Amino acid sequence: MINDQRRKKVLIIRLSSLGDVVLSQVAVEILKKNFEIFFMTKRKYEAIARLNPHIKDTISIKNSSAKEIIKALQKAKKIKPDFILDLQDKFSTKIIRRFLDPSCKRTYVWDAQRIERRKALLLKDFSKIKPVLQRFKEKTLEILEYEEKNFYGKTSQEMSCESQDYIPKIYPPKYPQSGKLIRFLETEPEKKIICVAPESQWKTKMWSLKECSLLTKSIEKKGFKVAVVGENKKLSAEIEGGEKFFGELSLEDLIYLISKSSVVVSVDSGIMHIANAFSIPCVAIFTSTTPEMGFSPYGKSAILEYGKLRCRPCSLFGKNECPYKHHLCSLIPYTKVEKEIYRLLSK
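Each value, and the rule that gives it
- Residues numbered from 1 in each chain as written.
- Predicted model: local features only at pLDDT ≥ 70, side-chain atom pairs only at ≥ 80, totals over all residues.
- Heavy atoms only, no water.
- Pairing = 2+ DSSP bridges.
- Helix = DSSP H or I, 4+ residues; strand = E, 2+ residues; numbered from the N terminus.
- Axes fitted to C-alpha atoms, helices over the stretch in contact; angles between N-to-C directions.
- Contact = heavy atoms within 4.5 Å.
- Buried < 20%, exposed > 50% of the residue type's maximum accessible area, 1.4 Å probe, protein only.
- Phe/Tyr/Trp six-rings, centres within 6.5 Å; stacked < 30°, edge-to-face > 60°.
- Core = buried A, V, L, I, M, F, W, Y, C linked by side-chain atoms within 4.5 Å.
- Parallel < 35°, antiparallel > 145°, perpendicular 65-115°, else oblique.
- Nonpolar A, V, L, I, M, F, W, Y, C, P; charged D, E, K, R; others polar.

### Concerning the sheet that holds strand β1 (residues 8–13)
Spatially, five strands are ordered β3-β2-β1-β4-β5 in an open sheet, and the strand pairing comes out parallel. With one partner strand each, in any of the chains shown, β3 (57–61) and β5 (107–109) form the two edges of the open sheet. Strand after strand, the sheet turns through a mean of 20° between neighbouring axes, direction not considered. With six bridges joining them, β1 and strand β2 (residues 35–42) adopt parallel strand pairing. Paired with K9 across the strands is E36, a residue of β2. Here helix α4 (residues 66–79) sits on the sheet in contact with β1, β2 and β3, set at roughly 165° to β3. Contacting β1, β2, β4 (83–86) and β5, helix α5 (residues 91–100) crosses the sheet at an angle of about 170° to β4.

Now the structure itself:
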């Protein structure tokens, strides 16, 4: 721990989205021994930070409106952070950090690689793209280097090697709140739970609901309990088998369910990163996006992609419809997913 009369304060800013907020918890893991940590994010993701015992307090905003930014600034000013770690770097966060640190001497801003990623998307060359998790680590490490070099004489290279072992960690609530989820978990508790998440806010990132239904019915016959999760209630009717939780779970309950799962099957979404943060085996399905753009899963994970399509990836984050109207990338056979589930369970 830093040899100081008080632990210095760090304000970490990551407003969105769910997966990035989960990944940003790696900064908490790196800084928790040396600093008091405060975390700013959007209200819909606040549970991630609020449940983390190493975060002293959270600042949440409903949206990026001027009114919400002003409220957040007022609370952040009372904290008087010694350092600001901006892991978002957008217009609203620039306003926040400039207000708190006009000279920018105590502010650290991650490299979003926006230009590099757009070039990579155009040229289909991802060799210069660093994983988001790695970029979060590198920028967080700069704060440690600034503080620790005077006390421990560590070089940035030594500290970088130490940081390789850090992964994001999140924490579930003690109990679920949803009555439906409680009943699902209490019924046949001896059965292993497979959590399946075929949905994304971007339609091109979704997995085929037909293949999802085939998977759900197949693994149920093998004796597993299956929970299918998502936000769009209308999709519930399109999936056969399993216990469906579409638009029914709070983020806290979703986190709790994933923490109790034996394997998670997820498209490129925040749910994949939640599973990774719990070190739960995950079958990650990439349709219109690719893990090479910086969001590759880690730990006990299997990556499934359709194969070689000249149109993949078609965007950085997904689109509302396939540019070529075929959406072939979503047609990953359920048999391949099922095979990876059993392989991960056998490890």
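### Some thoughts on the environment of P172
Here P172 is to be found in the loop between α8 (156–163) and α9 (179–186). A relative accessible area of 34% means that P172 is categorised as partly exposed. Spatially, the C-alpha atom of P172 lies 6.8 Å from that of S259, the residues being 87 residues apart in sequence. Among residues more than four places away in sequence, those in contact with P172 are L51, I255, Y256, S259 and F278.

### What about the packing of aromatic side chains?
Using the criterion set out here, one finds six aromatic pairs in the structure. An angle of 55° between the planes, with centres 6.2 Å apart, marks the rings of F83 and Y108 as tilted. Taken together, the residues F83 in strand β4 and Y108 in strand β5 connect sequence positions 25 residues apart. Take F83: its relative accessible area is 4%, and that puts it in the buried class. Ring centres of W110 and F136 lie 4.8 Å apart, and the angle between their planes is 55°; this geometry places the pair in the tilted category.

### A few points about the nonpolar core
Ranked by size, the top nonpolar core spans 61 residues in total, and within it I12, L31, L85, L257 and I258 carry the most contacts. If sequence neighbours within four positions are ignored, I258 has contacts with C195, V264, I271, I274, A275, F278 and I280. Core analysis: the next-biggest nonpolar cluster, separate from the first, contains 25 residues, C212, V226, I239 and V267 among them.

### Focus on the packing of α9 against helix α11 (residues 251–259)
Relative to each other, α9 and α11 sit at 10°, their axes nearing to 11 Å. By the angle between their axes, α9 is roughly parallel relative to α11. Contacts between α9 and α11 involve L181, F184 and L185 on the former and, on the latter, D253, Y256 and L257. A breakdown of the residues in the contact of α9 with α11 according to their chemical character gives five nonpolar, no polar and one charged.

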